[in-house]
Amino acid sequence: MVNVGVIGCGKIAQVRHLPEYEAHPSVKIVGVCDTEKNRAEEVAEKYHTRVYASYEEMLSDDNIDAVSVCTANYSHCQITLKALEAGKHVLCEKPMAITYEECKKMLETAERTGKFLMIGHNQRLTDTHRKAKELVQKGEIGKIITFKSTFGHAGPENWAVDKNNIWFFDKAAASFGAMADLGVHKTDLIQFLLSEKIKEAFAVTGTLDKKDKQGNSIGVDDNAICIYKLENGIIGNINVSWSYYGEEDNSTILYGTEGCMKIYDNPDYSIVIEKRDGEKIFYIIDRIQTNDQQSNSGLIDCWVSCLEKEVPPEISGEEAFEAMKAVFAALESARTGRRVSVDELEV
Ligand SMILES: NC(=O)c1ccc[n+]([C@@H]2O[C@H](COP(=O)([O-])OP(=O)(O)OC[C@H]3O[C@@H](n4cnc5c(N)ncnc54)[C@H](O)[C@@H]3O)[C@@H](O)[C@H]2O)c1
């Protein structure tokens, strides 16, 4: 049995971590905490568990093996470090942390304490994305030349538990906008699908639509377009947006020498392969989770499986850092207007 605690009882804890932990036969939810006491109490009642007054109190409980960190971005590093030092394994939500140095510190601390650190990059866990990777590896569309990957929806205000306090729009709490919030998912996914690291980024970000309560533009980007160059020379682009006011777009298209692979691009088919010779192959596998329609993401199953087998997590801190480095390069590019290589960010 794995004894877990959940830090932060907001939306992602409510729609993913808690229900997936509850559904897992080898997990006991030992307790939850949230700075909003009422929210913690409601959640605790639903999951028949206890409330800790603070995450520090939770971390001092020897009965807890692992915690989920489900708080706003700015606090990921601080809470993760304290949890690792307290001897807990940590599943931290994305984005991993808000600076390069913070990410590095998280990795160093996990290594020194001998505790596991996994980051919630759930997109690579869908059966469709796993199948897509297998097809790429089999050479189904030949050698990959380029890609485009999109993640756009109507914005976090439609998702938030507290509609009066959209911390995603607040630079101090979120630190990043759409480029990191959504872009890190697609950045991790591309590196996963193509088994290649990103080498260089050129990005343009903008705050084009979202306003705060006073009617001023929010403090972070709500749209971004990013071109990535991979280490093997592939170039492709990532489009992310908090202002796609139609249906959510979570598609990825890979273009190879023998055809193209359209992933989550067609509502009826998870993957469509269009071969160079005109043949088409259709796969019905699953639908990806959207803000409105959640399903088991596989994140908790993956995490608990690594804890039970005592093997390093599949979505390790190291891999998540690779995605964050590319996002940091994209943000630096957007800030300076030049192409930025991932290596030059190293500190
Ligand atoms: N993997 C995904 O697809 C995905 C989707 C949405 C959000 N997220 C990430 O999950 C994190 C949380 O997002 P959310 O949408 O659930 O936000 P949220 O605001 O709904 O939930 C955050 C909760 O943390 C609580 N909190 C803040 N500081 C705390 C502290 N010190 N101790 C205990 N509780 C504290 C808040 O009161 C709130 O209830 C973010 O980093 C976000 O990027 C990931």
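Conventions and cut-offs
- Residues numbered from 1 in each chain as written.
- Predicted model: local features only at pLDDT ≥ 70, side-chain atom pairs only at ≥ 80, totals over all residues.
- Heavy atoms only, no water.
- Near = heavy atom within 4 Å.
- Polar contact = N/O pair within 3.5 Å; in protein donor to acceptor, adjacent residues only side chain to side chain.
- Areas by Shrake-Rupley, 256 points an atom, 1.4 Å probe, with all protein chains shown as cover.
- Helix = DSSP H or I, 4+ residues; strand = E, 2+ residues; numbered from the N terminus.
- Nonpolar A, V, L, I, M, F, W, Y, C, P; charged D, E, K, R; others polar.
- Core = buried A, V, L, I, M, F, W, Y, C linked by side-chain atoms within 4.5 Å.
- Buried < 20%, exposed > 50% of the residue type's maximum accessible area, 1.4 Å probe, protein only.
- Domains from an automatic or database assignment.
- Contact = heavy atoms within 4.5 Å.
- 1 Å grid on protein atoms, 1.4 Å probe; cavity = no way out; pocket = protein on both sides within 12 Å on 5 of 7 lines; lining within 4 Å.
- Points joined across faces, edges and corners; volume = space filled by probe spheres on them.

Student: Mind showing me how you'd approach the site of the ligand here?
Tutor: The full set close to the ligand counts 26 residues, and Asp34, Arg39, Asn73, Trp159 and Trp167 are the nearest of them. Contact between the ligand and Lys94: an oxygen atom at 2.9 Å from a main-chain N or O atom of the residue. For the ligand, the protein covers 88% of the area, taking 850 Å² as the surface of the free molecule. Residue contributions to the shell around the ligand peak at three residues, all from helix α1 (residues 11-23). In the shell around the ligand, the residues fall into nine nonpolar, nine polar and eight charged.

Student: Before we go on, may I ask you to explain the nonpolar core in this structure?
Tutor: A general tendency of soluble globular proteins is for nonpolar side chains to be buried together. Ranked by internal contacts, the top residues of the largest apolar core, which has 113 residues, are Tyr21, Met96, Leu194, Tyr228, Leu254 and Met261. A per-element tally of this core places helix α11 (residues 317-336) first, with nine residues. Two domains share this core, each providing at least three of its residues, namely domain 1 (2-122) and domain 2 (123-298 + 323-345). If near-sequence neighbours (up to four positions away) are discounted, Met261 is found in contact with Ala132, Leu135, Val136, Ile141, Thr252, Ile253, Leu254, Ile271, Val272 and Ile273.

Student: How do you make sense of the layout of surface pockets when you look at a structure like this?
Tutor: A water-sized probe, rolled over the atoms, reveals where empty space remains. The volume enclosed by the largest pocket comes to roughly 1100 Å³. For the largest pocket, the lining is made up of 48 residues, of which Cys70, Thr71, Ala72, Trp167 and Phe168 are closest to its centre. Mapped by element, the contributors of at least two residues to the lining of the largest pocket are α1 and α4 (76-85). Here the element with the most residues in the lining of the largest pocket is α1; it accounts for three residues. Grouping the amino acids of the lining of the largest pocket by side-chain chemistry returns 20 nonpolar, 18 polar and ten charged. Residue lining of the second largest pocket: 30 residues in total, with Glu247, Glu248, Arg287, Ile288 and Thr290 positioned closest to the centre. Elements with a minimum of two residues in the lining of the second largest pocket: β12 (259-266) and β13 (269-275). If one sorts the elements of the lining of the second largest pocket by residue count, β12 sits on top with three residues. Among the residues forming the lining of the second largest pocket, the class breakdown is eight nonpolar, 14 polar and eight charged.

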